[in-house]
Amino acid sequence: MGNILVTGAAGFIGSHTTDQLLAAGHEVLGVDNFRTGHRRNLNAALRSAAFRLVEADVAEPGVLAALVAGFRPEAIIHLAALVSVQESIQDPALNQRLNVRATELVAAAAEAQGVARIVFASSAAIYGDATALPIEEEAPKQPISPYGEAKLVSEGILLKTTGRGVTVRCHRYFNVFGPRQDPASPYSGVISIFDRRYREGKAVTIYGDGQQTRDFISVHDVARANVIAATQPGIVSGAANICTGRATSLRDIVAVFAAHYPAVSPPLYTESRPGDIIHSLGKPARAREQLGFVAQVPVAVALGELIETQ
Ligand code: UD2
């Protein structure tokens, strides 16, 4: 079992990835600056002797190089990021620093110190408003936000290192949901917002008619894809969608919540959000071919688990 360094370990996807790595017997060094991550997400991990957590900013020059030199990881799973599309529009310089500069430092540290693999949190946001569904990896890349642009640029930076002995996997996550996702802003993932509203006994708001669909994928599946890419022998470099290939509408989501919370008032319907897309769906074939990854948790099951989570 190897040493794996996880950046953004205290975040939503990072903490689940850390939990699965530890369960599989790996030694994990987690790095987080707690800007949007939370120590409480790592409560379970922190009880493991195989886990160490360092508070540091990976966009700060020298930080990663020192950590990699000390820990000698065989893989870096780079999940630290500015995760809000909205914030990337408001503060493009911060987006550049946290989403591009940090990636350059990951690439440089990996290359200089012989790290065998990098797994990177890319996003379906790199495709922008895709016209043909399901979205294939070869589809046009026309990101419509600084966030999507930074993820696309980062893929390029990382894939350049592959010629120099590093295997790189770029994971284009679709709509990830599950426990520990932060519902803090109106632009947080819709399921995290709905979960909080139902827990509070309040009606949710649906923008539009609720027939819009997304390729919602459980964070448990996403974490498993990360573990496979970081640890399984024989993986080749490349980028792939991490999605289910199944469309779920907001009405489908609300139906599951409503069944669990019969006392909560029905949703309020209001105008669609400007710029909102109606349908998004990924094609999952390439992740299956290149990683042997197939999403396993049905959305209704993962939603039920989220609702039951304390
Ligand atoms: C956004 C981000 C994406 C990612 C994702 C989080 C953009 C362009 N994309 O995409 O990068 O961060 O969110 O999963 O910003 N909705 C409601 N009621 C609410 C909240 C949302 O009806 O209280 C609707 C929303 O208008 C949209 C759908 O739910 O039609 C999904 O919204 P989302 O923000 O979870 O996800 P998405 O795919 O629009």
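These figures come from a predicted structure and were not determined experimentally.

## As for the sheet that holds strand β5 (residues 117-123)
And then number 1: If you trace the seven strands from one edge of the open sheet to the other, you get β3-β2-β1-β4-β5-β6-β11, paired in parallel fashion. The sheet is open, and its two borders are formed by β3 (51-55) and β11 (238-242), each paired with just one other strand. This sheet shows a mean twist of 20° between the axes of neighbouring strands, independent of strand direction.
And then number 2: Across seven bridges, β5 lies against strand β6 (residues 167-173) in parallel orientation. Note on β6: the bridge partner recorded for F120 is C170.
And then number 3: Against the sheet, helix α2 (residues 63-71) contacts β1 (3-7), β2 (27-32), β3 and β4 (75-78), and its axis sits at roughly 160° relative to β1.
And then number 4: Where helix α4 (residues 92-112) meets the sheet, it contacts β4 and β5, and its direction lies at approximately 175° from that of β4.

## Let's talk about the nonpolar core
And then number 1: The biggest cluster of nonpolar side chains holds 36 residues, and the ones touching the most others in it are V6, I13, I77, Y173, V176, I242 and F293.
And then number 2: The element best represented in this core is helix α7 (residues 219-231), accounting for seven residues.
And then number 3: In contact with F293, not counting residues within four places along its chain, are I217, D221, R224, A225, I228, I242, C243, A287 and R288.
And then number 4: Counting residues in each nonpolar core, the second largest holds 32 residues, with L29, A56, A102 and A109 among its members.

## Structural notes on the packing of helix α1 (residues 12-23) against α7
And then number 1: One can describe the packing of α1 onto α7 by two numbers: an axis separation of 8 Å at closest approach and a directional angle of 60°. Viewed along their axes, α1 and α7 adopt a mutual orientation that is oblique. α7 is crossed by α1, and the crossing has right-handed handedness. Counted together, F12, I13, H16, T17, Q20 and L21 of α1 and V219, H220, V222, A223, R224, N226, V227 and T231 of α7 form the full contact between these two elements.
And then number 2: Broken down by class, the residue content of the contact of α1 with α7 amounts to seven nonpolar, six polar and one charged.

## Some details on the site of the ligand
And then number 1: Inspection of the region around the ligand gives 15 residues, with V190, T205, Y207, R214 and D276 positioned closest.
And then number 2: The backbone of T205 places a nitrogen or oxygen atom 2.8 Å from a nitrogen atom of the ligand.
And then number 3: Note that an oxygen atom of the ligand is positioned 2.6 Å from one of the side-chain N or O atoms of D276.
And then number 4: Where the shell around the ligand is concerned, the elements lending two or more residues are α6 (190-199) and β8 (205-207).
And then number 5: Of the residues belonging to the shell around the ligand, the class tally is seven nonpolar, five polar and three charged.

## Observations concerning the pairing of β1
And then number 1: Taking burial as the measure, the five residues of β1 include four buried ones, the bulk of the element.
And then number 2: In this structure, β1 lies alongside β2, joined through five bridges in parallel fashion. Note that in β2 the partner of L5 across the bridge is L29.
And then number 3: With α1 bridging β1 and its parallel neighbour β2, the resulting β-α-β unit is right-handed.
And then number 4: Relative to β4, β1 runs parallel, the two being bridged by four bridges. The residue of β4 that forms the bridge with V6 is I77.

Reading the values: rules and limits
- Residues numbered from 1 in each chain as written.
- Predicted model: local features only at pLDDT ≥ 70, side-chain atom pairs only at ≥ 80, totals over all residues.
- Heavy atoms only, no water.
- Pairing = 2+ DSSP bridges.
- Helix = DSSP H or I, 4+ residues; strand = E, 2+ residues; numbered from the N terminus.
- Axes fitted to C-alpha atoms, helices over the stretch in contact; angles between N-to-C directions.
- Contact = heavy atoms within 4.5 Å.
- Core = buried A, V, L, I, M, F, W, Y, C linked by side-chain atoms within 4.5 Å.
- Buried < 20%, exposed > 50% of the residue type's maximum accessible area, 1.4 Å probe, protein only.
- Parallel < 35°, antiparallel > 145°, perpendicular 65-115°, else oblique.
- Left-handed = near helix turned anticlockwise from the far one by under 90°.
- Nonpolar A, V, L, I, M, F, W, Y, C, P; charged D, E, K, R; others polar.
- Near = heavy atom within 4 Å.
- Polar contact = N/O pair within 3.5 Å; in protein donor to acceptor, adjacent residues only side chain to side chain.
- Right-handed = clockwise from strand over helix to strand, strands pointing away.

These values are about where atoms sit, not about what they do.
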